[in-house]
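Notes for the structure review
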Amino acid sequence: MPEMPEVETVRRGLVPNLVGRMITFVDLRRPDLRFPFPEGFEEGLVNSRIQDIDRMSKYLLIRLDNGNTWLSHLGMTGIWTINSDGNGKHDHVHIELDNGALTATYSDHRRFGIMDLFPTINSDKHKLLANLGPEPLTKEFTKEALKEGLHGRQSPIKTSLLDQKIVSGLGNIYVSEILHRSKISPKRKSADVAGKSSKINKAIERIHTQTNEVIAEAIRVGGSTISDFRGVSGDSDLGYFPQQFTVFNRESESCNRDGCNGIIRRIVQSGRSTFYCPRCQR
Ligand SMILES: [Zn+2]
């Protein structure tokens, strides 16, 4: 499943191809992805020029010069490709730009992806975007905001970090990594990690720092290539961050922290796998 760093990689791949171009033809091959396409979707896209492509969390926001924003979420298996033939079995949305000078195709074999179209001025109020918490590497993501988000919560820290209202854009893989690097057990209660005093404690400092570092590193190497993700160019070798994972998918292997002889364990929390080292994560 593409996580936020992968979506950022897709965004960076789409921008030089699509920005400045006019959408001249839209071919929807089915009525829906995860949800039905909105009414007037094709009409809202055709004859508009792509001004910019933004991203909030895992949502790509394609800004059009007709005042609309085209939202694309990749779900589990969504892929954008440029100039493919667009005839694949799972190619659900195919667009031509500048009268066929370039094409962009959205394929998604499991169809958990989402597309929507709405006035750009309503972006902040959109139901999928309105409740997103601060995002790593932005000025909104402060130690104070993190502490506030965890304050008083009874859920395990792993579960809270996956809550998009507390921090947006963190997925399952990266949360295991962040907690390992922070030396914090994924089972610790969020409220205890935040602490009772109003001061920022070491645990919050470490999680804050490691969240930014892990996400920056993942974006730098082009996101991970777990499962079906491919970059916009169709290049399957775009990312290699998985090879650098310290705990994810390493059950029963030894912890690679210097001086720690722990064995990585896998547990299930809120239905998702968590990998951690019981020796150095407290
Ligand atoms: Zn360890």
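Bear in mind the structure is a predicted one, so any value in this text is a computation, not a measurement. (Residues numbered from 1 in each chain as written. Predicted model: local features only at pLDDT ≥ 70, side-chain atom pairs only at ≥ 80, totals over all residues.)

1. A short note on the sheet that holds strand β1 (residues 23-28)
In spatial order, the strands read β1-β6-β7-β5; together these four strands make up an open sheet with antiparallel pairing. Looking at strand neighbours, the two that pair on one side only are β1 and β5 (78-82), the edges of this open sheet. Direction aside, the axes of adjacent strands within the sheet are offset by 15 degrees on average. Pairing geometry for strand β6 (residues 91-97) and strand β7 (residues 102-108), over six bridges, is antiparallel. By the bridge assignment for β7, E96 is matched with T103. Seen against the sheet, helix α1 (residues 4-18) touches β5, β6 and β7 and runs at an angle of roughly 30 degrees to β5. (Pairing = 2+ DSSP bridges. Helix = DSSP H or I, 4+ residues; strand = E, 2+ residues; numbered from the N terminus. Axes fitted to C-alpha atoms, helices over the stretch in contact; angles between N-to-C directions. Contact = placed C-beta atoms within 7 Å.)

2. A closer look at the sheet that holds strand β8 (residues 114-119)
Within a sheet, adjacent strands bond to each other through the backbone by hydrogen bonds, running parallel or antiparallel. Spatially, the four strands line up as an open sheet ordered β2-β3-β4-β8, and their pairing is antiparallel. Each edge of the open sheet is held by one strand with a lone partner, namely β2 (50-56) and β8. Ignoring which end each strand starts from, the neighbouring axes of this sheet average 20 degrees apart. As paired elements, β2 and strand β3 (residues 59-64) share six bridges and run antiparallel to each other. Within the sheet, the bridge partner assigned to D54 lies in β3 and is L61. Lying on the sheet, α1 is in contact with β2 and β3; it crosses β2 at an angle near 175 degrees.

3. Here we look at the environment of E217
Following the sequence through the fold, E217 ends up in helix α7 (residues 202-220). Look at E217 and you get partly exposed, because 14 C-beta atoms sit within 10 Å. A C-alpha to C-alpha distance of 8.9 Å links E217 and P5, two positions 212 residues apart in sequence. (Buried ≥ 20, exposed ≤ 12 C-beta atoms within 10 Å, placed from the backbone.)

4. Description of the domain arrangement of the protein chain
Under the domain assignment, the protein chain is made up of domain 1 (4-125) and domain 2 (143-276). The gap between the C-alpha centroids of domain 1 and domain 2 is 29 Å. (Domains from an automatic or database assignment.)

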